[in-house]
Number of protein chains: 2
Amino acid sequence: MTQSTLEPDRAAGAPPNRGSDSHAVAARFAALSHPARIEILKHLSASNSCCCREVVDRFDLAQSTVSQHLKILVEAGLVRFEPDRQRSRYAVDRSALADVSASLNALVNSCCYGR
Amino acid sequence: MTQSTLEPDRAAGAPPNRGSDSHAVAARFAALSHPARIEILKHLSASNSCCCREVVDRFDLAQSTVSQHLKILVEAGLVRFEPDRQRSRYAVDRSALADVSASLNALVNSCCYGR
DNA sequence: GCCGTTCATCGTCTATCGCCGATGAACGAT
DNA sequence: ATCGTTCATCGGCGATAGACGATGAACGGC
């Protein structure tokens, strides 16, 4: 819906400019667009990897809420999920995060290349 | 609402990590979390500054929709607005954009400092 | 003075977000 | 076998996002 003419090179079989597809980039930013998720990311990275519960009693959010936030981060590819028995492991995907950063840098550069 | 314990160092008189307040950062990412707004940003920067109309007939969105997107970008501080008669001028605030990029870099670094 | 253009704003609609409590599955420990 | 813990998912609720058309103000040109 509403993808309209935003991505003219979308329908074609072209695998064009990886890393600067507006939809993909926007989706990643969306995952970062909530303070709770940013804090969760920090927390995850501080303690190399966490289970859900660990996050839950750090921030006072309901377990279901935290689970959802984690899911969003996972689906955005920013966090890797490893279902280890009960203690499912959530860990920051540092390269993915660096990737987003690179995308943003690219955007900033494309906005400043002339000067 | 729901700011709860997300910012543990909020209530104290501490002026702690300016520039990495999760709320502020998240708000900027929110502005970037829509493909149309990313494309608009690119367009704005390509043609140094634009009026609303110019953006409107580049992307096929209603004028009101574009106006809203621009407003969101302005309110996020990513775009500067100069009401020049009819042809209101919208221009990317490059330093603000660089700032967001820096915030994200900081986040990435804080996620990778150990390795 | 009158018309066309530009644009911000309002009202409306639908879809999604963000939160929660409840539920049920999976597993560990006793 | 049973109980407690962990966690993903569902359903519901209020709020917000994103889209549009319509409206009215401001201005330029005729």
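Above this text is the structure in question.
Residues numbered from 1 in each chain as written. Chains lettered and ligands numbered in written order. Predicted model: local features only at pLDDT ≥ 70, side-chain atom pairs only at ≥ 80, totals over all residues. Heavy atoms only, no water.

A. Fine view of the protein's contact with DNA strand D. With respect to spatial proximity, 22 residues lie near DNA strand D, and among them Arg53(A), Ser67(A), Tyr90(A), Thr65(B) and His69(B) are the closest. Put simply, 63% of the atoms of DNA strand D that lie within 4 Å of the protein are in sugar or phosphate. Contact distances for DNA strand D include 3.5 Å between a phosphate oxygen and a side-chain N or O atom of His34(B). For DNA strand D, a phosphate oxygen lies 2.8 Å from a polar atom in the side chain of Thr65(B). (Near = heavy atom within 4 Å. Polar contact = N/O pair within 3.5 Å; in protein donor to acceptor, adjacent residues only side chain to side chain.)

B. Local environment of the protein's contact with DNA strand C. What surrounds DNA strand C is a group of 24 residues, the closest being Thr65(A), His69(A), Arg53(B), Ser67(B) and Tyr90(B). Near-protein atoms of DNA strand C (within 4 Å) split between backbone and bases, with sugar and phosphate holding 61%. Residue Ser64(A) places a side-chain N or O atom 3.2 Å away from a base oxygen belonging to DNA strand C. Separating a phosphate oxygen of DNA strand C from a backbone N or O atom of Arg53(B) is a distance of 2.4 Å. Only α4 (63-75) of chain A together with α3 (52-56) and α4 (63-75) of chain B provide two or more residues apiece to the surface near DNA strand C. (Helix = DSSP H or I, 4+ residues; strand = E, 2+ residues; numbered from the N terminus.)

C. The relation of the copies chain A and chain B, seen in detail. Screw-axis analysis of chain A against chain B gives a translation of 0.0 Å along the axis, an RMSD of 0.1 Å, and a rotation angle of 179°. The relationship between the two copies is best expressed as a two-fold rotation axis. (Least-squares fit on C-alpha atoms with pLDDT ≥ 70 in both.)

D. Representation of the packing of helix α5 (residues 94-112) of chain A against helix α2 (residues 35-46) of chain B within the structure. Where α5(A) contacts α2(B), the axes come no closer than 8 Å and their chain directions differ by 30°. Classed by the angle they form, the pair α5(A) and α2(B) counts as roughly parallel. Crossing of α5(A) over α2(B) shows left-handed handedness. Across from Leu107(A), Ser110(A) and Cys111(A) in α5(A), the residues of α2(B) making contact are Ile38(B), Leu41(B), Lys42(B) and Ser45(B). (Axes fitted to C-alpha atoms, helices over the stretch in contact; angles between N-to-C directions. Parallel < 35°, antiparallel > 145°, perpendicular 65-115°, else oblique. Left-handed = near helix turned anticlockwise from the far one by under 90°. Contact = heavy atoms within 4.5 Å.)

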